[in-house]
Amino acid sequence: MINYLDVPEVFHQNSPIVTAVGYEETGEKLIKLATSSVDRTDLGDADILDIGCGVRFTMSIINKRIPIKSYTGIDVNKSMIEYLKTEVELYDDRFSFAHWNAHNEMYNPNGRKLTKKNVLPVDGAFDVIWLFSVFTHLDPSDSLIILKLLRQRIRTGGKLFFTAFIDNDLDGFEDRVEGSPLLHAYFGKSYMQSLITSAGWKIDLFHEADPSNYIQHYIVCSPN
Ligand SMILES: C[S@@+](CC[C@H](N)C(=O)[O-])C[C@H]1O[C@@H](n2cnc3c(N)ncnc32)[C@H](O)[C@@H]1O
């Protein structure tokens, strides 16, 4: 088991606010929020899947000694995943990582466009699936495909937690920053609700943004 992880700056992908407050500080806060939101007191018996994992939650789990059963991270950033495999997976069997060459206009413009035929690059089923600041940079087509793929990997009694930019008054979807594709991918509330339910999920919680927790709208779902 690893006791401390100091990730090179080049692999951090968080906003300046997160950097200023601290990676593990915000990471720990968000993990606590996700844990209580999925009706758990801790994650000691949970197999967790994190899509768009970045490095922050791996750092937080290790450096803040947050109990987990296992943590599987997937990301489109190849060099970051290679770093996590070499520096974490190899030495700590609670962790595993997989690269996914999925197209994302902001993060992986040369990747392969997701289609209904895609599968996730990991096996198995999970108790908790989370995505922090990922739907905030996804278009509706990828969002629906990913919601459907995740639905196949949730255990009975498991929960999905994710954040998104939601505009209650927006009808549909809006990519808000001209010249920076998917920097601020906004979904109308009812549009996001329809994507979630058509992917086979039931919405347990649709929470407003909470700046005190450094979080956008967050949504908790169960398999329907
Ligand atoms: C803003 S960062 C958030 C990182 C991490 N979740 C956190 O909150 O610290 C967004 C991450 O999502 C990844 N990403 C974007 N599109 C993705 C996709 N389709 N599949 C997997 N990862 C994706 C990016 O490479 C990046 O690491």
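Residue positions within a chain follow its written sequence, with the count starting from 1. Only residues with pLDDT of 70 or above have their local features reported here, since the model is predicted, and side-chain atom pairs are shown and tallied only from 80 upward, although totals for entire chains, interfaces and linings are computed over all residues. Side-chain measures here rest on the full set of heavy atoms in the structure, leaving out hydrogens and waters.

Engineer: Explain the site of the ligand to me, and be specific about the residues and the numbers.
Structural biologist: Taken together, 18 residues lie near the ligand, and Asn14, Gly52, Arg56, Asp75 and Phe132 sit nearest. In protein, a polar contact requires one atom able to donate a hydrogen and another able to accept it; more generally it is a pair of N or O atoms within 3.5 Å, and residues adjacent in sequence count only if both atoms are side-chain atoms. The side chain of Asn104 places a nitrogen or oxygen atom 3.2 Å from a nitrogen atom of the ligand. Phe132 places a polar main-chain atom, nitrogen or oxygen, 2.8 Å from a nitrogen atom of the ligand. Surface burial for the ligand is 98%, taken as the share of its 600 Å² of free accessible area covered by protein chains. Partitioned by chemical class, the residues of the shell around the ligand number nine nonpolar, seven polar and two charged. Nearness is judged by heavy atoms alone; a residue qualifies as near a molecule or strand once a single heavy atom is within 4 Å of it. Computed with the Shrake-Rupley method and a 1.4 Å probe, the accessible areas treat only the protein chains shown as cover for residues. Only Asp, Glu, Lys and Arg are considered charged in this grouping, and only Ala, Val, Leu, Ile, Met, Phe, Trp, Tyr, Cys and Pro are considered nonpolar; every other residue, Gly among them, is considered polar.

Engineer: I'd like to hear about the nonpolar core, residue by residue, with values.
Structural biologist: Ranked by internal contacts, the top residues of the largest apolar core, which has 37 residues, are Tyr71, Trp130 and Phe161. Two residues qualify as a contact provided that any one of their heavy atoms is within 4.5 Å of a heavy atom in the partner residue. Sequence-distant contacts of Trp130, that is, excluding residues within four places in its chain, are made with Ile31, Ala34, Leu43, Ile48, Leu49, Asp50, Ile51, Phe57, Tyr71 and Phe161. Within the second largest apolar cluster, 35 residues are counted, among which are Val76, Leu114, Ile154 and Ala164. Nonpolar core, defined: a set of buried Ala, Val, Leu, Ile, Met, Phe, Trp, Tyr and Cys residues in which side-chain atoms within 4.5 Å join the residues together. A simple rule labels every residue: compare its accessible area, found with a 1.4 Å probe on the protein chains alone, to the largest value its type can have, and call it buried under 20%, exposed over 50%, or partly exposed in between.

Engineer: Before we move on, could you go through helix 2 (residues 23-37) and cite the residues and values that matter?
Structural biologist: Secondary structure elements follow DSSP: runs of H or I of four or more residues count as helices, runs of E of two or more count as strands, with numbering from the N terminus. Given a helix with a known number of residues, its expected span is that number minus one, times 1.5 Å. Over its 15 residues, helix 2 runs 21 Å from end to end, which matches the ideal 21 Å to within 8%, given 1.5 Å per residue. Along helix 2, the residues that are buried comprise Tyr23, Glu24, Thr26, Gly27, Leu30, Ile31, Leu33, Ala34, Thr35 and Ser37. Buried residues belonging to helix 2 abut helix 1 (16-21), strand 1 (43-51), helix 3 (56-63), strand 4 (126-131), strand 5 (154-167) and strand 9 (217-223).

Engineer: A description of a nonpolar patch on the surface should follow, citing residues and the corresponding values.
Structural biologist: Among the surface-exposed residues, Ile17, Val21 and Tyr214 lie close enough to one another that they form a single nonpolar patch of about 250 Å² accessible area. For Tyr214, a relative accessible area of 34% corresponds to the partly exposed category. Each patch is built from salt-bridge-free residues with over 30% relative accessible area, joining like charges within 9 Å and nonpolar side chains (Val, Leu, Ile, Met, Phe, Trp, Tyr) within 5 Å. A carboxyl oxygen of Asp or Glu within 4 Å of a side-chain nitrogen of Lys or Arg is what we treat as a salt bridge.

Engineer: Provide a residue-level description of helix 4 (residues 78-89), including the pertinent values.
Structural biologist: Buried residues of helix 4: Met80, Ile81, Tyr83, Leu84 and Val88, and no others. For helix 4, the buried positions fall inside an angular range of 155° around the axis, keeping them on one side. On the buried face of helix 4, the contacting elements are helix 3, strand 2 (68-75) and strand 3 (95-99). For this quantity, the arc is that covered by the directions from the helix axis to the C-beta atoms.

Engineer: With reference to specific residues and values, describe the pattern of salt bridges.
Structural biologist: Using the criterion set out here, one finds 16 salt bridges in the structure. In this structure, the salt-bridge partner of Asp47 is Arg155, at a minimum N-O distance of 2.9 Å. With a gap of 108 residues between them, Asp47 in strand 1 and Arg155 in strand 5 connect regions that are remote in the sequence. Relative accessible area serves as the criterion here: at 10%, Asp47 is assigned to the buried category. According to the relative accessible area criterion, Arg155 is partly exposed, its value standing at 31%. Of the charged contacts, one joins Lys159 and Asp204 as a salt bridge, the two residues approaching to 2.9 Å between their closest N and O atoms. Taken together, the residues Lys159 in strand 5 and Asp204 in strand 8 (residues 201-207) connect sequence positions 45 residues apart. Linked through salt bridges whose partners overlap, the residues forming this network are Asp39, Lys159, Lys202 and Asp204.

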